[in-house]
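Chains, contacts and geometry: an overview
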Amino acid sequence: SFGSPQELERELQRTNPYKIDIGAVYSHRPNQHNTVHLGAFQPVEKELVFDIDMTDYDDVRTCCSSADICSKCWTLMTIAVRVIDRALVEDLGMKHRLWVYSGRRGVHCWVCDDAVRKWSPALRAAAVEYLSLVKGGAETVKKVNLSEPVHPFIRRSVNVVEQYFEAYALKGQDILGSPERWDKVLALVPEDILPAVVRGSAARLRKVTSSGKNTPCYADWEIMLQYCFPRLDINVSKGVGHLLKSPFSVHPKTGRISVPLDLQRLDDFDPFAVPTISSLCEELDVAGDDAEQDENEETETKRRMRDYRRTQLAPYVKVFEQFLEEMERARRGERLQRSDLQGDF
């Protein structure tokens, strides 16, 4: 526990950690939890977080497996951010979201709205349930099942997936490139409409069933969603006491920095181009040599602040700073609004 930002900074410089895990705000100082009554030490608020891991897509990836990623399957993370972020804003009314690359094979999202920070585990679980569609374990073949009426969230998600599906799944992953792969796709189609699928008429799927009734069938959507829809870890999101790695930590396996994502340039993000701790050290060494030729009276703190701007980390810090500034502006506006209302009485 720290009494000031300066205390925290001194401790970081002393221990030099490669990562920091962030948890909840507690009812008492964490370093005093043994001094309070049993059960009194409780988490009171925390960001709503989402953790999307590429390993959860192993049943639909053909290019990589386990912890490995490549440019082909990284599109899954792009789709996940697009689908979830749109829903957070438009469906759930959230404003302050920070998306961060994990440093290896996934992405994290931090929702920092004041009201959301105070949500109970039940509310958090409900939000994750709303955002979840792919259901079932390894033994479940068909994990997406749609029926009328299709929820607007699902329809909008399909619109996102459709933008990437051909390039990602049909070309990049080549999901129809062998008998084994197309059998896997056909296993997701109801047997009574397989003739329509073979004839290649997606429109006909909407009206064909074994009963002869004009009941809509969404086999094409179900296939696209099973292959591309975001897969969330509910336990990470619902647990108020759950820890999540801080932005700008160093991943111990890859050496890559956990950097914020710029949603305006999401499609251009390349996880393999992210700065590593080694590349940053080299850049800082160069910046330090240059600094010796600058003004001698400049303070060490100012020099450090300037040095990071000479590294590949600079644009990612800018994204983070913009996120903080937007949140601070919103809080200032809310404080002004409250003071105006209090002045009216």
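Residues numbered from 1 in each chain as written. Predicted model: local features only at pLDDT ≥ 70, side-chain atom pairs only at ≥ 80, totals over all residues. Heavy atoms only, no water.

The name given to the protein in an unreviewed UniProt entry is DNA primase, and the organism recorded there is Callipepla squamata. Recorded under Catalytic activity (unreviewed entry), the UniProt text for the protein is reproduced unchanged: "ssDNA + n NTP = ssDNA/pppN(pN)n-1 hybrid + (n-1) diphosphate." Recorded under Sequence similarities (unreviewed entry), the UniProt text for the protein is reproduced unchanged: "Belongs to the eukaryotic-type primase small subunit family." (UniProt positions renumbered as here; feature names shortened; annotations may be inferred.)

Looking now at the nonpolar core. Counting 71 residues, the largest nonpolar core has F50, I52, L88, W99, L225 and Y227 as the members making the most contacts within it. Breaking this core down by element, the ones donating at least two residues are β4 (48–53), α2 (75–91), β5 (97–101), β6 (106–111), α5 (152–172), α9 (219–228) and α13 (314–343). Inspection of this core shows a minimum of three residues originating in each of domain 1 (1–134 + 230–268) and domain 2 (139–229). Core analysis: the next-biggest nonpolar cluster, separate from the first, contains nine residues, C112, V236, L244 and F323 among them. (Core = buried A, V, L, I, M, F, W, Y, C linked by side-chain atoms within 4.5 Å. Buried < 20%, exposed > 50% of the residue type's maximum accessible area, 1.4 Å probe, protein only. Helix = DSSP H or I, 4+ residues; strand = E, 2+ residues; numbered from the N terminus. Domains from an automatic or database assignment.)

Turning to the pairing of β4, a few remarks are in order. Moving residue by residue along a regular strand, the side chains alternate between the two faces of the sheet. Across the six residues of β4, six count as buried, placing the element largely inside the fold. Burial along β4 is two-sided: L48, F50 and I52 facing one way and V49, D51 and D53 facing the other are all buried. Pairing geometry for β4 and β6, over six bridges, is antiparallel. For D53, the partnering residue across the bridge sits in β6 and is G106. (Pairing = 2+ DSSP bridges.)

The next point concerns the side chain of H108. In this fold, H108 is placed in strand β6. A relative accessible area of 6% means that H108 is categorised as buried. Discounting residues that sit within four places of it in the chain, H108 has contacts with F50, D51, L98, W99, V100, S102, L244 and K245. (Contact = heavy atoms within 4.5 Å.)

Among the secondary structure elements, D113 is positioned in the loop between β6 and α3 (114–117). Summary of buried charges: D113 has no salt-bridge partner, and the nearest side chain of opposite charge, K95, is 6.6 Å away. A polar contact is formed between the side chain of D113 and the backbone nitrogen of K95, at a distance of 2.8 Å. For D113, the contacting residues outside a window of four places in its chain are G93, M94, K95 and H96. (Lys, Arg positive; Asp, Glu negative; His and termini not counted. Salt bridge = Lys/Arg side-chain N within 4 Å of Asp/Glu carboxyl O. Polar contact = N/O pair within 3.5 Å; in protein donor to acceptor, adjacent residues only side chain to side chain.)

This part is about the state of the cysteines. As enumerated under the stated definition, the model contains zero disulfides in all. Its sulfur unpaired, C112 is 8.3 Å from the next cysteine sulfur, which belongs to C109. (Disulfide = S-S within 2.5 Å.)

The next subject is the packing of α2 against α5. Relative orientation and spacing of two packed helices are given, respectively, by the angle between their axes and the distance between those axes. At a minimum axis separation of 10 Å, α2 and α5 run at an interaxial angle of 160°. Accordingly, the angle class assigned to the pair α2 and α5 is roughly antiparallel. Here α2 runs over α5; the crossing is right-handed. Where α2 abuts α5, its residues T75, L76, T78, I79, R82, V83, R86, A87, E90 and D91 lie against F153, R156, S157, V160, V161, Y164 and Y168. Tallied by class, the residues present in the contact of α2 with α5 amount to nine nonpolar, three polar and five charged. (Axes fitted to C-alpha atoms, helices over the stretch in contact; angles between N-to-C directions. Parallel < 35°, antiparallel > 145°, perpendicular 65-115°, else oblique. Left-handed = near helix turned anticlockwise from the far one by under 90°. Nonpolar A, V, L, I, M, F, W, Y, C, P; charged D, E, K, R; others polar.)

Evaluated as defined, the whole model comprises eight aromatic pairs. Between F153 and F229 the ring centres are 6.0 Å apart and the planes differ by 80°, which places this aromatic pair in the edge-to-face class. Placement of F153 in helix α5 and of F229 in the loop between α9 and α10 (234–238) is noted, with a sequence separation of 76 residues between them. Under the relative-accessibility criterion, F153 is labelled buried at 3%. (Phe/Tyr/Trp six-rings, centres within 6.5 Å; stacked < 30°, edge-to-face > 60°.)

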